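Understanding the architecture of this molecule
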Amino acid sequence: MRSDFPFFRANPDIVYLDSAATSQKPQCVIDSMVDFMTKRNSNVGRSLYPISSEASALVAEAREKAARFINAKPEEIIFTEGTTQALNMVAASVCGTDAKGNIVITRMEHSSNHAPWLEACRRNGIELRLADVDADGILRAEAVTELIDDETIAVSVTGMSNVTGQVTDIGAICSHARRMGALSVVDAAQLVVHNTVDVRTIGCDFLAFSGHKIYGPMGTGVLFASGDSIGRLKPLTVGGGSVERDYSPKTGIHGFEAGTRNIAAIVALGQTFDYLKSNRNAIKNIEDDLSGYLFEKLSVIDGIRMITKSPSQICSFTTGLLGCYDIGAMLGKFGICIRTGSCCAYSLMDALGVQGVCRASVGPYNTKEEIDIFTERLSWVLRRCGGFR
Ligand SMILES: Cc1ncc(COP(=O)(O)O)c(C=O)c1O
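Residues numbered from 1 in each chain as written. Predicted model: local features only at pLDDT ≥ 70, side-chain atom pairs only at ≥ 80, totals over all residues. Heavy atoms only, no water.

**Some details on the site of the ligand**
Every residue close to the ligand is listed here: Thr83, Thr84, His110, Ser112, Asn162, Asp187, Ala189, Gln190, Ser210, His212 and Lys213. Contact between the ligand and Gln190: an oxygen atom at 2.7 Å from a side-chain N or O atom of the residue. At 2.7 Å, a side-chain N or O of His212 approaches an oxygen atom of the ligand. Partitioning the shell around the ligand into residue classes produces 1 nonpolar, 8 polar and 2 charged. (Near = heavy atom within 4 Å. Polar contact = N/O pair within 3.5 Å; in protein donor to acceptor, adjacent residues only side chain to side chain. Nonpolar A, V, L, I, M, F, W, Y, C, P; charged D, E, K, R; others polar.)

Here it is, written out as structure tokens:
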């Protein structure tokens, strides 16, 4: 699949192992953006001349594809700028000034699923409860469900950790939340990249993900709001296209998409769903193979403490005396790109007792040879610079 991604032709000497931060883009997605801006550029939902109607139809098509991708209905799909914006919208909506009770999140959350809740809870005097991870950084469903009581307004949990790669039991958490009368929210930013996601099976009220992590354009994202729960959402922004003649917000999804959006990117996101649909099995097979290989190769390097406990597309570790930033900078000089630092998961870093980690993450365009280059260079750096405690 590597040949689908022109980034690697442009950068033949780069070993890109940072797909959990952002993925590279296939040619068809890039072409789709260029095609829209070259041939069809016009605003949507406003005018009735042919190319504007065509652009509106392309956005509607992208919405249908997004809905099919997670087994939702098009009228449950709100286009956002990404996971962060979506989760801010949900947190601000359900923790309004009239809300009373508590919110449950976990220590495993990315800042984008922690800070919005913390902020909304602080503003409105709502209690924020944090479910703990165990000593290995693993989140058990019971650690979350035992914090939910009849005062819980919402539970918001990641579907896959961006640090350990753990896929959490969100089905169990969401069904417990429903039984207790609480809303359930899933941060699926990493989950959708590597797993088939069905919002009906999960049973969540809200689910958010970003386009740029699934080989789509930056600045795009999806917020799923179930038909039963969309009424609980309040728009973060209002304006053109999102209000009625009397300036009241439109009902349904269109009340949440104010102003002119990045239409070229949304259309290209539609193309991304096509790409994923055609290649899902191939992606899974390649990634399973690479995940096992990466885990195995890292686990045997002297001086490494594995933070990720079993093979995953996302593999984090620490390196004794050498800090993660030293490792990241040195590997960077060899053209090897990994993520270093807190990975925006401060609470999890505290729970693990580390300042930061090194994180290597794979995509379908990576190869075993690249993993060899990375692990050989890493071993060399540790040997030369004394990574051992
Ligand atoms: C688990 C998780 N949630 C949320 C986000 C935020 O996504 P975005 O920056 O695309 O809004 C990320 C990004 O790394 C993530 O890994």
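What follows picks up the thread again.
**Here's the deal with the packing of helix α3 (residues 50-69) against helix α10 (residues 263-299)**
Between α3 and α10, the least distance of the axes is 9 Å, while the angle of their chain directions is 40°. One way to sum up the angle between α3 and α10 is to call them oblique. Relative to α10, α3 is oriented so that their crossing is left-handed. In this structure, α3 contributes Leu58, Val59, Ala62, Lys65, Ala66 and Phe69 to the contact, and α10 contributes Ile263, Ile266, Val267, Gly270, Phe273, Asp274, Leu276 and Arg280. The residue makeup of the contact of α3 with α10, split by class, is 10 nonpolar, 1 polar and 3 charged. (Axes fitted to C-alpha atoms, helices over the stretch in contact; angles between N-to-C directions. Helix = DSSP H or I, 4+ residues; strand = E, 2+ residues; numbered from the N terminus. Parallel < 35°, antiparallel > 145°, perpendicular 65-115°, else oblique. Left-handed = near helix turned anticlockwise from the far one by under 90°. Contact = heavy atoms within 4.5 Å.)

**Some remarks on the domain arrangement of the chain**
The domain architecture assigned to the chain consists of domain 1 (2-26 + 279-385) and domain 2 (28-272). Measuring from the centre of the C-alpha atoms in domain 1 to the corresponding centre in domain 2 gives 27 Å. If you look at the interface, domain 1 gives 34 residues, while domain 2 gives 32 residues. Both sides of the domain 1 and domain 2 interface together cover about 2500 Å² of buried area, and 55% of this is carbon and sulfur. Of all residues in domain 1, Pro26, Arg280 and Leu348 give up the largest surface area on contact with domain 2, accounting jointly for 24% of the area buried on that side. On the surface where domain 1 and domain 2 come into contact, there are 0 salt bridges. Our count for the domain 1 to domain 2 interface comes out at 21 residue pairs in polar contact (both at pLDDT 80 or more). (Domains from an automatic or database assignment. Buried area = accessible area lost by both parts, 1.4 Å probe. Salt bridge = Lys/Arg side-chain N within 4 Å of Asp/Glu carboxyl O.)

**As for the sheet that holds strand β12 (residues 339-341)**
What the 4 strands build is an open sheet, ordered β9-β10-β13-β12; its pairing is antiparallel. Single-partner strands in this sheet number two, and they are β9 (305-306) and β12. Both β9 and strand β10 (residues 314-318) contribute to a ladder of 2 bridges, which runs antiparallel. Of the residues in β10, the one forming a bridge with Arg305 is Thr318. Strands in contact with helix α11 (residues 324-333) are β12 and β13 (357-361); relative to β12, the strand with the most contacts, it is inclined by about 155°. (Pairing = 2+ DSSP bridges.)

**Concerning the sheet that holds strand β6 (residues 183-187)**
Strand pairing in a sheet relies on backbone hydrogen bonds. The paired strands run either parallel or antiparallel. Spatial ordering of the open sheet is given by β2-β8-β7-β6-β5-β3-β4, a layout of 7 strands whose pairing is mixed. Edge positions in the sheet fall to β2 (77-80) and β4 (127-131), since each has one partner strand and no second. Taken pair by pair, the neighbouring strands of this sheet meet at an average axis angle of 20°, ignoring direction. Sheet analysis places β6 next to strand β7 (residues 206-210), joined by 3 bridges and oriented parallel. Counted as the bridge partner of Val185 is Phe206 from β7. Those strands touched by α3 are β2, β7 and β8 (221-225), and its axis lies near 110° from that of β2.

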